[in-house]
Amino acid sequence: DHLSFRLFVSEAVPIGHTQTIDTFDPSFCVAYSIQSSLYRQDIPFDIVLTANESCTLNLHVVRLLDREQTPMFTIRRQLIAENDADENGIITIQLSIVVLDVNDHVPQFENEHFHFFIPENTPPGSLVGRVQAHDPDIFLNGKISYSLFGNDLVQTGNRTMFRIDKETGELFLMDDALDYELKK
């Protein structure tokens, strides 16, 4: 026999978190036990067969998870019938565990500082340059949105000199011409 399960576990669950994989008739826990792995697996989970009102197969978290380091685990274990030594008394279970992302990383810019040199006669609306950051989180947790702030971006008359594309990080000169003597 062969049983396959696909589980989803957040990378934010604490050590000791238990998730039910499947539930069986109570007599199943009397008849079967989990054979420990024959070789050392460096996985942050234990698979436990628990006798309670029913018989429950559980996934138990024994180490912290990090989706950016290991996004998925595949674990195989055998359930061996206590009174049956032949192949008929063996059930192989395979767990595919997907580690779900949480927003646990801060975006990092490619450079600590970005320097752009813009001639005074650059036409308004021109592309000045691009800033770029990366976030190892995925989907919405890894989405980066760019914005500008600070007094250095304002020219006389309270006019903003630049705008940034919030999706791409491209920096553009606004519609007013630069004046080197007013703002260097």
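A brief look at the structure comes next. (Residues numbered from 1 in each chain as written. Predicted model: local features only at pLDDT ≥ 70, side-chain atom pairs only at ≥ 80, totals over all residues. Heavy atoms only, no water.)

### Details of the environment of Ser10
In step 1: Locating Ser10 in the fold gives a position in strand S1 (residues 2-10).
In step 2: A C-alpha to C-alpha distance of 8.4 Å links Ser10 and Arg67, two positions 57 residues apart in sequence.
In step 3: Apart from residues no more than four positions distant in its own chain, Ser10 is found in contact with Leu65, Leu100 and Val102. (Helix = DSSP H or I, 4+ residues; strand = E, 2+ residues; numbered from the N terminus. Contact = heavy atoms within 4.5 Å.)

### Notes on the state of the cysteines
In step 1: Within this structure, the stated rule accounts for one disulfide.
In step 2: Two residues, Cys29 and Cys55, share a disulfide whose sulfurs are 2.0 Å apart. Disulfide Cys29 to Cys55: torsion about the S-S bond roughly 85°, handedness right-handed. Here Cys29, found in helix H1 (residues 26-31), pairs with Cys55, found in strand S5 (residues 55-61); they are 26 residues apart in sequence, far enough to count as distant. Like Cys29, the residue Cys55 is buried in the burial classification. (Disulfide = S-S within 2.5 Å. Buried < 20%, exposed > 50% of the residue type's maximum accessible area, 1.4 Å probe, protein only.)

### Here we look at the sheet that holds strand S7 (residues 90-100)
Where strands meet in a sheet, backbone hydrogen bonds hold them as pairs that are either parallel or antiparallel.
In step 1: Spatially, the four strands line up as an open sheet ordered S1-S7-S6-S3, and their pairing is mixed. Taken across any chain shown, the strands that pair with only one partner, and hence form the sheet edges, are S1 and strand S3 (32-35). Along the sheet, successive strands turn relative to each other by an average axial angle of 30°, direction set aside. (Pairing = 2+ DSSP bridges. Axes fitted to C-alpha atoms, helices over the stretch in contact; angles between N-to-C directions.)

### Topic: the packing of aromatic side chains
In step 1: Applying the stated criterion across every chain yields a total of six aromatic pairs.
In step 2: Centroid distance Phe45 to Phe73: 5.3 Å. Interplanar angle 85°. Geometry classified as edge-to-face. Here the residue Phe45 occupies a position in strand S4 (residues 45-51), and Phe73 occupies one in strand S6 (residues 72-81), the gap between them amounting to 28 residues. Both residues of the pair, Phe45 and Phe73, belong to the buried class.
In step 3: Where Phe109 meets Tyr146, the ring centres are 6.5 Å apart and the plane angle is 55°; that geometry is what we call tilted. With Phe109 in strand S8 (residues 108-109) and Tyr146 in the loop between strand S10 (133-134) and strand S11 (154-155), this pair connects stretches of sequence that are 37 residues apart. (Phe/Tyr/Trp six-rings, centres within 6.5 Å; stacked < 30°, edge-to-face > 60°.)

### Remarks on the nonpolar core
In step 1: Judged by nonpolar contacts, the single largest core of 27 residues is most densely connected at Leu59, Leu95 and Ile97.
In step 2: Secondary-structure elements contributing two or more residues to this core are S1, strand S2 (18-24), H1, S4, S5, S6 and S7.
In step 3: Setting aside its immediate chain neighbours within four residues, Leu95 contacts Phe5, Leu7, Ile21, Ile47, Leu59, Phe73, Thr74 and Ile75.
In step 4: With twelve residues, the next largest nonpolar core counts Val131, Leu153, Met161 and Ile164 among its residues. (Core = buried A, V, L, I, M, F, W, Y, C linked by side-chain atoms within 4.5 Å.)

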